[in-house]
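Coordinate analysis (summary)
In case you want the letters, here they are:
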Amino acid sequence: MCGIVGYIGDQEAEDLLLTGLKRLEYRGYDSAGLATVDESGLHVQKREGKVDDLRNSLDSAPMPGTTGIGHTRWATHGAPNDVNAHPHVSTDGSFALVHNGIIENHGVLKKKLKEKGYTFQSDTDTEVLVYLIEEVKRAADLSLPEAVRQALTQVIGAYGIAIVSGEDPDLLIAARNGSPLILGVGEDEYFIGSDAAPLVEHTRQVVYLEDGEMATLRRSGYNVTTIDNEPL
Ligand code: GLU
């Protein structure tokens with residue numbers, strides 16, 4: 001289990017996310033990646049190696065947007081390489097997800113998704129979760145937050161996840177079960193961290209998500225429910 005950061009607000013996300021990932025480096029990791037969102041959609045960059053390698057590669061291709069997520073990976077399923085690095089993106093390119101932990105029933109879910117025509121690019125358990133959300137969303141024409149919630153009711157395992165949508169720059173979704181995730185509350189801006197280290201320089205107001213909880217964050221505010229849809 002390694003690191004997650006997230007941001008939604010008025011500041012450019014790229015630098016905030018990279019600095020946040022640097023604060024999580026002490027945990028050890030093998031690859032790093034970011035997804036940001038602006039009016040033109042999703043921007044995703046990820047690679048094996050250090051956060052500084054990612055930062056250097058972004059010098060020539062900056063990632064615009066004031067909403068974003070970042071990840072440092074400690075591989076559990078699939079080798080440390082660029083393809084297996086997070087974020088992972090839905091097949092329609094509409095959303096990106098980062099994940100800490102292990103999806104224990106990924107084999108069963110993957111088999112069902114393959115039968116529905118999904119082709120897997122990576123060896124990760126995480127890509128299974130992305131396509132599961134996409135399939136739940138598509139099959140019942142759900143909003144992304146509702147699809148995430150319903151998909152998570154089918155998942156067994158430990159996870160902290162963060163998601164951004166290329167179709168909605170004013171949306172950041174976070175959920176956890178058995179893997180820590182903290183929300184940092186600022187003035188019209190929010191931060192996510194898999195521990196407090198990336199948050200403390202921005203805010204002292206934090207909300208600890210509990211196991212089985214999910215947060216939907218927009219610039220105007222956030223709400224938290226259980227995965228079973230009880231409001232909190
Ligand atoms: N199980 C996921 C993978 O291997 C996430 C690993 C992590 O927690 O960094 O990509």
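Sequence order as written defines residue numbering, which begins from 1 separately in each chain. Whole-chain, interface and lining totals are the exception, using all residues; otherwise, since this is a predicted model, local features are given only for residues with pLDDT of at least 70 and side-chain atom pairs are given and counted only at 80 or more. As a rule here, side-chain values cover all heavy atoms of the structure and leave hydrogens and water aside.

A word on the overall build of the chain
Every helix listed is a DSSP run of H or I at least four residues long, and every strand listed is a run of E at least two residues long, numbered separately from the N terminus. Check the secondary structure of the chain and you find 5 helices and 13 strands. Along the three orthogonal principal directions, the C-alpha set of the chain runs to about 45 × 40 × 35 Å. Exposure is judged per residue with a 1.4 Å probe applied to protein chains only, and the accessible area is read against the type maximum: over 50% gives exposed, under 20% gives buried, and values in between give partly exposed. Going through the 232 residues of the chain one by one, you find that 56% of them count as buried. Here, two residues are considered to be in contact whenever any of their heavy atoms come within 4.5 Å of each other. Of the contacts made within the chain by residues no fewer than 6 positions apart, 63% connect residues no fewer than 24 positions apart. For the accessible areas, the method is Shrake-Rupley and the probe is 1.4 Å, while residue cover comes only from the protein chains on display. Of the accessible surface of the chain, which amounts to about 9,600 Å², a share of 46% is contributed by carbon and sulfur atoms.

Quick look at the site of the ligand
Throughout, near means a residue has at least one heavy atom within 4 Å of the molecule or strand. Taken together, 15 residues lie near the ligand, and Arg73, Thr76, His86, Gly101 and Asp125 sit nearest. Think of a polar contact as two N or O atoms within 3.5 Å of one another; within protein, one of them needs to be a possible hydrogen donor and the other a possible acceptor, and neighboring residues in sequence only count if both atoms come from side chains. Contact between the ligand and Arg73: an oxygen atom at 2.6 Å from a side-chain N or O atom of the residue. Measuring from an oxygen atom of the ligand, one finds a backbone N or O atom of Trp74 at 2.9 Å. Taken by itself the ligand offers 300 Å² of open surface, and the protein chains cover 100% of this. Computed over the protein atoms alone on a 1 Å grid, cavities are sets of points where a 1.4 Å probe fits but cannot get out and pockets are open sets with protein on both sides within 12 Å along at least five of seven lines; a residue lines them when it has an atom within 4 Å of a point. Here the criterion for a molecule occupying a pocket or cavity is that more than half of its atoms lie within 2 Å of the pocket grid points. More than half of the atoms of the ligand fall within 2 Å of the grid points belonging to the largest cavity. Counting only elements with at least two residues in the shell around the ligand, the list comes to β4 (67-73), β6 (95-103) and α4 (125-140).

Digging into unusual backbone geometry
The peptide bond linking His86 to Pro87 adopts the cis configuration, its omega dihedral lying at 10 degrees. Positionally, Pro87 belongs in the loop between β4 and β5 (88-89). In the Ramachandran plot, Asp141 falls in the positive-phi region, its phi being about 50 degrees despite a non-glycine side chain. Along the chain, Asp141 falls in the loop between α4 and α5 (144-152). Note on Asp141: relative accessible area 68%, which makes it exposed. A positive phi is found at Asp188, a non-glycine position, where the angle reads about 55 degrees.

Remarks on the sheet that holds β6
The strand order β5-β6-β7-β8-β12-β13 describes an open sheet built from 6 strands, whose pairing is antiparallel. Edge positions in the sheet fall to β5 and β13 (221-226), since each of these pairs with one other strand and no more. The criterion for strand pairing is that DSSP finds at least two bridges linking the strands in question. Inspection of the sheet shows strand β12 (residues 213-218) paired to β13 by 6 bridges, in the antiparallel sense. In the strand pairing of β13, Leu217 is matched with Tyr222.

Re the packing of aromatic side chains
Only the six-membered ring of Trp is used, alongside the rings of Phe and Tyr, when aromatic pairs are assigned; centres must lie within 6.5 Å, and planes under 30 degrees apart are stacked while those over 60 apart are edge-to-face, with the rest tilted. Scanning all chains against the criterion turns up 4 aromatic pairs. With centroids separated by 5.1 Å and ring planes inclined at 50 degrees, the aromatic side chains of Tyr7 and Phe191 adopt a geometry described as tilted. Taken together, the positions of Tyr7 in strand β1 (residues 3-8) and Phe191 in strand β10 (residues 190-193) put the pair 184 residues apart, joining distant regions of the chain. When the centroid spacing of 5.4 Å and the interplanar angle of 70 degrees are considered together, the rings of Tyr190 and Tyr222 count as edge-to-face. Placement of the pair is Tyr190 in strand β10 and Tyr222 in strand β13, with a sequence separation of 32 residues. On the accessibility criterion, Tyr222 (33% relative accessible area) is partly exposed. An aromatic cluster of at least three residues, connected via ring pairs, comprises Tyr118, Phe120 and Tyr131. For a lysine, the NZ atom is tested; for an arginine, the CZ atom; a charge sits over a ring if that atom is within 6 Å of the ring centre and within 35 degrees of the ring normal. Taking the ring centre of Tyr29 as reference, the NZ or CZ of Lys50 above it sits at 4.4 Å.

So, the pairing of strand β9 (residues 182-185)
What you see with β9 is no split at all: Ile182 and Gly184 on one side and Leu183 and Val185 on the other are buried throughout. Here 4 bridges tie β9 to β10, and the two strands are oriented antiparallel to one another. Across the sheet, the residue bridging to Ile182 is Gly193, located in β10. Once β9 ends, the chain turns through 4 residues before running back antiparallel as β10, passing Asp188 with a positive phi of about 55 degrees. With 3 bridges connecting them, β9 and strand β11 (residues 206-208) associate as antiparallel partners. Bridged to Ile182 within β11 is Tyr208.

So far we have only geometry, and geometry alone does not tell us how the molecule works.
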